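Residue-level structure breakdown
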Amino acid sequence: MIQFYHVSKSYDGRQQAVSDISFRVKKGEFVYLTGPSGAGKSTILRLMICAETPDDGQILIAGRNIARLKQHDIPKLRRGIGVVFQDFKLIERKTVYENVALSLRILGYSEEVIRKKTGHVLKSVGVYSRKDSYPLQLSGGEQQRVAIARALVKDPIILVADEPTGNLDWDVTQDIMALIKDIHAQGTTVIVATHNREIIKRMPKRVLHIEAGRMLEQG
Amino acid sequence: MIRYFISSAFRNLWEAKVTSLFTAVTLSVALGFLGTYLAVFMNMKAALDLMSEKFPLSVYLSDHVSQAQLDAVQDRLKGSPLVSGVTYTSKDKALEDFRGSRKDEAALIDSLGTNPLPASLDVALRPDAGPEAAMALVKEVRTMQGVDEVNYMQEEAGKLRSMLASFRIAGLALGLAVLMGVVFISYSTLRLAVLNHSEEIAVMKLMGAARIFIMGPFLLEGLFQGLIAAGLSLGVLYGLLHYLSGTPSVMLLAPGGLAFLPVWAWLGMIASGGLLGLTGSLFAFVRTLRM
Ligand SMILES: Nc1ncnc2c1ncn2[C@@H]1O[C@H](COP(=O)(O)OP(=O)(O)OP(=O)(O)O)[C@@H](O)[C@H]1O
Ligand SMILES: [Mg+2]
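Attention in this report is confined to the structure presented alongside it.

Analysis parameters
Residues numbered from 1 in each chain as written. Chains lettered and ligands numbered in written order. Predicted model: local features only at pLDDT ≥ 70, side-chain atom pairs only at ≥ 80, totals over all residues. Core = buried A, V, L, I, M, F, W, Y, C linked by C-beta atoms within 7 Å. Buried ≥ 20, exposed ≤ 12 C-beta atoms within 10 Å, placed from the backbone. Helix = DSSP H or I, 4+ residues; strand = E, 2+ residues; numbered from the N terminus. Contact = placed C-beta atoms within 7 Å. Pairing = 2+ DSSP bridges. Near = placed C-beta within 6 Å. Axes fitted to C-alpha atoms, helices over the stretch in contact; angles between N-to-C directions. Parallel < 35°, antiparallel > 145°, perpendicular 65-115°, else oblique. Left-handed = near helix turned anticlockwise from the far one by under 90°. Nonpolar A, V, L, I, M, F, W, Y, C, P; charged D, E, K, R; others polar.

1. Examining the nonpolar core
With 106 residues, the main nonpolar core has Val 100, Ala 149 and Val 160 of chain A together with Leu 31 of chain B as its most contacted residues. With 14 residues, helix α9 (residues 211-245) of chain B is the single largest residue contributor to this core. Counting residues in each nonpolar core, the second largest holds 13 residues, with Leu 57, Val 73, Leu 125 and Ala 134 of chain B among its members.

Written as C-alpha cells, this is what we have:
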C-alpha cells in the first residue's frame, strides 16, 4: 500500500530531516512509527500525503508513484487518507461538528449521511456534547479527539495518525486506540507515529523506528 | 453541497460585516452611476421624441405682417410637398387659447394691457418628410417678409440629439470604467476574504478538497455581493426618480413622470452586478492560490 524507496528530504537545504529511508507497509497492515523528537516521523507522514515532496527517492501510495501524479490527482489521493495532524489543524471558525462534517462534505456525501456519521463518530470519541463549540473553546485533549474524529469519520483507506494520543490521559488513550483498532479491523491500513511505549506494549504491532532521519529497525 | 456553499458564503459575508457592507455600498455607487446614466439617457431621449412629435414646425409672424406677406408665406408652405397642412392662429386666437389653458397666468397677461402673443402658422409635416429637406424649407421661410421666427423642433432636437450621441460615447466610457471598477473592488475584497481564510484553505487542501469545493463559497460571496450592490443601487435610483418626478421643474419637462429603467435594463444591471462580482472573486482566487 505504501512504499518508500531511498527517500531523502531536507527542509530549505539544511541538514536532512530524513535520509535514505526505505520501507513498505502492506495493505491492511498496522505499523507504528517511533523515534525521538526530531527524528523525522512527521516528515515521513507529510511525505505520504504529498504535503512535502521528496528531494530524492520514490514514494508509491496504492501502487501509484506520487511524483507522477497530476495536479488534480493529489486531492483524489488525499481524499482516501484520513490524517490526524500532530498540531490537529482544526479550523477555528468552524464548530466541532462542522470540522468533522467537512471531511465528508469534501467527499460529497449527502447532508443526511453527514449528520448521521458525524454524530456517531463524535459520540464514539466522546466529544458529542461539545459539538457546537469552537475548537479554541476545547481543551487540548478534546481538540485532539475532534482531530481523530475528523480522520475516522470518512472510513479512510489509509489512516495516518501523528501522535494521536499525545494530549490524552491513559483512559482516553485506550479508548482512542480501540477506535483505531476497530477501523483497522475493517481493512484500513494504519500508520501511527508515537513515542508512547506503553501503547506499543499493550497493542503490539510492527514498529518502524527512526533516529536522526534514518531507519534503524523494521520489526 | 450547494447548500453548504450558500451557507458558507453567507457566513463569510456575515463574518466580515463591515467589509461586506462597505464593498456592497461602494459597488452600488459604481453601479448607481451606470443606472443614473441610463435613466437620464432614456428620459432625455423620450422627452426629445415627444418634443419633436408634438410640435413639428411653427412659424411666428411679426405683429406688422401684411395680408400679402401672410398669403405669400402660406402659399409657399402649402406648395411644398413636405407639408400636409397649415393652420393659422391669429393674435387674438392665441390669447384666447392661452387664457383657456393657463387661467392663473392670464391675469399676468391682462395686466400688460397689450397682447404679447404673436400670430402663428402651425405646419404639419408629412411623416416621410426628411429632416434635411425640412431644414431647407425652414431656412427659406425664415428669410421671407413678415416672418419673425421659425421654430422647428427637429432642429432643436437635432442639436440635443448630437449632444445625446456624445453622451452615449461618454456612457460607454463610464460603463467601461464602472465595469473595471466593480471587478477591481470585488477582487480586492474577495482577495482579503481568501487571505483571511488561507489557513482553512490550506487545511481543506490537505484533506483532499477539490478546487471547486474550496472556491465555491468565495465565488458565491462575490456573486451575492454584486447582486446586493445592484439591487441597492436600483432601489436608490428608483427612489430618486420617484422623488424627482414630483418636483415642479421635472413635471413641466416630463408631465408623465420620469420613467424608471425598462425591465431589460434593470435585469441587465442586476445580472451584470452579479457577473462582475463573480469575475472579481475568480480573479482574487486565482491570484491568491498561485501564491
Ligand atoms: N517546516 C520545517 N522547516 C524546517 N525544518 C523542519 C520543518 N519541519 C521539521 N523540520 C525539521 O526536520 C526534522 C524532523 O522533524 P519532524 O517534525 O519530522 O520530527 P518528528 O519526528 O515528528 O518530531 P516530534 O516527535 O517532535 O514530532 C527536525 O530536525 C525539524 O527541526
Ligand atoms: Mg512530529
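Let's pick the thread back up.
2. Some words on the interface of chain B and chain A
Each partner contributes to the interface: chain B provides twelve residues, whereas chain A provides 15 residues. Sorting the residues of the side of chain B that touches chain A by element identifies α1 (2-15) and α8 (198-206) of chain B as the ones contributing at least two each. Here the element with the most residues in the side of chain B that touches chain A is α8 of chain B; it accounts for four residues.

3. Considering unusual backbone geometry
Residues and elements named next belong to chain A. Not every positive phi belongs to a glycine, and His 6 is a case in point at roughly 45 degrees. Tracing the backbone through its elements, the reader meets His 6 in strand β1 (residues 2-10). Judged by local crowding, His 6 falls into the exposed class, with 12 C-beta atoms found within 10 Å. Of note, Ala 212 is a non-glycine position whose phi angle comes to about 50 degrees, a positive value. Its place among the elements puts Ala 212 in the loop between β9 (206-211) and β10 (214-218).

4. Quick look at the pairing of strand β3 (residues 30-34) of chain A
All names here are of chain A. Burial of β3 is extensive: five of the five residues sit out of reach of the surface. Residues of β3 alternate between two faces, with Phe 30, Tyr 32 and Thr 34 on one and Val 31 and Leu 33 on the opposite face, all of them buried. With four bridges connecting them, β3 and strand β8 (residues 189-193) associate as parallel partners. Residue pairing for β8: Leu 33 is matched across the bridge by Ala 193. Both β3 and β9 contribute to a ladder of four bridges, which runs parallel. From the neighbouring strand, Tyr 32 faces β9, where its bridge partner is Val 207.

5. Considering the sheet that holds β1 of chain A
Residues and elements named next belong to chain A. Strand order in the open sheet made by the four strands is β2-β1-β4-β5, with antiparallel pairing throughout. One side of each edge strand has no neighbouring strand; the edge strands of this open sheet are β2 (16-25) and β5 (64-65). With two bridges connecting them, strand β4 (residues 56-61) and β5 associate as antiparallel partners. Across the sheet, residue Leu 60 finds its bridge partner in β5, namely Asn 65.

6. Re the site of ligand 1
Around ligand 1, the structure places Tyr 11, Ala 17, Gly 35, Ser 37, Gly 38, Ala 39, Gly 40, Lys 41, Ser 42, Thr 43 and Gln 86 of chain A. Per element, the largest residue contribution to the shell around ligand 1 is three residues, and it comes from helix α1 (residues 41-48) of chain A.

7. Section: the sheet that holds strand β1 (residues 57-61) of chain B
In any sheet, the strands associate via hydrogen bonds between backbone groups, in a parallel or an antiparallel arrangement. Residue and element names in this part refer to chain B. Taken together, the four strands give an open sheet; going across it, the order is β2-β3-β1-β4, and neighbouring strands pair in antiparallel fashion. Two strands in the sheet have a free side with no partner beyond their single neighbour: β2 (83-89) and β4 (147-152). Put simply, the sheet's adjacent strands are angled 15 degrees from each other on average, direction ignored. In this structure, β2 lies alongside strand β3 (residues 120-125), joined through six bridges in antiparallel fashion. Following the sheet pairing, Gly 85 is matched in β3 by Ala 124. Strands in contact with helix α3 (residues 67-79) are β1, β2, β3 and β4; relative to β2, the strand with the most contacts, it is inclined by about 155 degrees.

8. Section: the packing of helix α3 (residues 96-107) of chain A against helix α4 (residues 111-125) of chain A
Residues and elements named next belong to chain A. Relative to each other, α3 and α4 sit at 125 degrees, their axes nearing to 9 Å. Comparing their axes, α4 and α3 come out oblique. Pair α3 / α4 crosses with right-handed handedness. Across the interface between the two elements, Val 96, Tyr 97, Val 100, Ala 101, Leu 104 and Arg 105 from α3 touch Ile 114, Lys 117, Thr 118, Val 121 and Leu 122 from α4. Looking at the contact of α3 with α4 residue by residue, the class counts come to eight nonpolar, one polar and two charged.

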